Amino acid sequence: MPTTNDQPPAVRIGYGFDSHEFRPGIPLKIGGVTLPYDQGLGGHSDGDVLLHALTDALLGAIAAPDIGSLFPPSHQKWKGADSVVFLREALKRVREAGYHVSNVDASLILVAPKIGPYTSAVRTRVAELLGVHSDCVGLKAKTPEGLNLDSAAIAHVVVLLKKSSSEKRKMKKKRRSA
Ligand SMILES: [Zn+2]
């Protein structure tokens with residue numbers, strides 16, 4: 001029989017997906033880092049496919065509205081915007097919900113450029129943005145074998161949130177005063 005449990009869960013998982021198309025002559029931003037390449041990712045804001053998937057993973061973990069609802073691509077305000085803005089809003093909501101990031105794991109799927117030489121820089125930047133150690137940010141780059149997706153970059157991200165201790169204290173206090 002299902003039991004009633006009004007305690008917030010100790011951990012929450014989130015998943016995010018995003019894709020963008022390569023366009024010539026614009027900067028390539030991945031994970032908040034500008035990579036040297038002759039094409040960038042077009043579309044919403046600065047096209048940072050990794051930060052968008054990460055933002056959606058964070059929002060999804062706390063069942064908040066997704067990135068497209070919070071920052072509509074149709075809105076001029078977000079054209080060319082730095083995707084760090086979206087990530088910071090998601091992190092703010094995570095904190096307000098009483099959680100913090102435990103770790104993140106991401107897969108990037110793209111033909112070029114080779115991500116290997118930049119993996120460390122991207123992990124470091126994402127860790128810095130999330131306020132976690134770079135050991136808590138996993139990043140794998142794959143090529144889209146057999147998918148016929150040579151002109152796109154795709155990101156999948158999972159994130160694990162843990163209940164913050166201050167929230168635990170608050171909850172205890174609430175229970176005591178109840
Ligand atoms: Zn996007």
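Cut-offs applied
- Residues numbered from 1 in each chain as written.
- Predicted model: local features only at pLDDT ≥ 70, side-chain atom pairs only at ≥ 80, totals over all residues.
- Core = buried A, V, L, I, M, F, W, Y, C linked by C-beta atoms within 7 Å.
- Buried ≥ 20, exposed ≤ 12 C-beta atoms within 10 Å, placed from the backbone.
- Helix = DSSP H or I, 4+ residues; strand = E, 2+ residues; numbered from the N terminus.
- Contact = placed C-beta atoms within 7 Å.
- Expected span 1.5 Å × (residues − 1).
- Arc of directions from axis to C-beta.
- Pairing = 2+ DSSP bridges.
- Right-handed = clockwise from strand over helix to strand, strands pointing away.
- Axes fitted to C-alpha atoms, helices over the stretch in contact; angles between N-to-C directions.
- Parallel < 35°, antiparallel > 145°, perpendicular 65-115°, else oblique.
- Left-handed = near helix turned anticlockwise from the far one by under 90°.
- Nonpolar A, V, L, I, M, F, W, Y, C, P; charged D, E, K, R; others polar.

Trainee: Help me understand the nonpolar core, please; the structure alone is not making it clear to me.
Mentor: Membership of the largest hydrophobic core comes to 37 residues, with the highest contact counts inside it found for Leu50, Leu54, Leu58, Val104 and Leu108. For this core, the element with the highest residue contribution is helix 1 (residues 49-61), accounting for nine residues. Leaving out residues up to four positions away in the same chain, valine 104 has contacts with Leu54, Val126, Leu130, Cys136, Val137, Gly138, Val157 and Val159.

Trainee: Would you explain helix 1 in this entry?
Mentor: The periodicity of an α-helix, 3.6 residues per turn, causes residues three or four places apart in sequence to face the same way. Given a rise of 1.5 Å per residue, 13 residues ought to cover 18 Å, and the 18 Å separating the end C-alpha atoms of helix 1 matches this to within 8%. Where burial is concerned, most of helix 1 is hidden: 13 out of the 13 residues are buried. Where helix 1 ends, the next residue or the one after it, alanine 63, has phi of about 55°, a positive value.

Trainee: Is there a simple way to explain helix 3 (residues 84-96) in this structure?
Mentor: Counted at 1.5 Å a residue, the expected span for helix 3 with its 13 residues is 18 Å, and the 18 Å between its end C-alpha atoms agrees. Of all the positions in helix 3, only Phe86, Leu87, Ala90, Leu91 and Val94 are classed as buried. Looking straight down helix 3, one finds that the buried residues subtend no more than 135° of arc, so they occupy a single side. Exposed side of helix 3, more than 90 degrees from the buried face: Lys92 and Glu96 are the residues found there.

Trainee: Explanation requested: unusual backbone geometry in the structure shown.
Mentor: For residues other than glycine, phi is negative in most cases, and the peptide bonds are mostly trans. Here alanine 112 and proline 113 are connected by a cis peptide whose omega angle stands at 0°. With respect to the helices, strands and loops of the structure, proline 113 is situated in the loop between strand 5 (99-109) and helix 4 (119-130). The residue alanine 63 is not glycine, and still its phi comes out positive at about 55°. Mapped onto the secondary structure, alanine 63 falls in the loop between helix 1 and helix 2 (67-70). Of note, asparagine 148 is a non-glycine position whose phi angle comes to about 55°, a positive value.

Trainee: What should I look at first to understand the pairing of strand 5 in this one?
Mentor: The side chains of a regular strand alternate, first on one face of the sheet and then on the other. Sheet analysis places strand 5 next to strand 7 (residues 152-163), joined by 10 bridges and oriented antiparallel. Paired with alanine 106 across the bridge in strand 7 is valine 157. When strand 5 meets strand 6 (residues 137-142), the two strands line up parallel, connected through six bridges. Across the sheet, residue aspartate 105 finds its bridge partner in strand 6, namely glycine 138. One crossover worth recording links strand 5 to the parallel strand 6 by way of helix 4, and it is right-handed.

Trainee: Explain the environment of isoleucine 26 here, please?
Mentor: Here isoleucine 26 is to be found in the loop between strand 1 (11-24) and strand 2 (28-30). Distance in space between the C-alpha atoms of isoleucine 26 and glycine 47 is 9.9 Å, their sequence separation being 21 residues. Ignoring anything within four residues of it in the chain, the contact list for isoleucine 26 reads Gly40 and Gly42.

Trainee: I keep staring at the packing of helix 1 against helix 3 and nothing clicks. Help me out?
Mentor: Helix packing for two helices is described by the angle between their axes and how far apart those axes are. At their nearest, the axes of helix 1 and helix 3 sit 9 Å apart, and the two run at 15° to each other. Between helix 1 and helix 3, the interaxial angle falls into the category roughly parallel. Two packed elements cross with a definite hand, and for helix 1 against helix 3 that hand is left-handed. Note on element contacts: helix 3 touches helix 1 through Val84, Phe86, Leu87, Ala90, Leu91, Arg93 and Val94, opposite Leu51, His52, Leu54, Thr55, Leu58 and Leu59. Of the residues in the contact of helix 1 with helix 3, the class split is 10 nonpolar, two polar and one charged.

Trainee: Just to check I follow, could you spell out the pairing of strand 7 for this structure?
Mentor: As defined by bridge partners, strand 1 adjoins strand 7 across 11 bridges and the pair is classed as antiparallel. Of the residues in strand 7, the one forming a bridge with tyrosine 15 is valine 158.

Distances and angles like these do not, on their own, reveal function.
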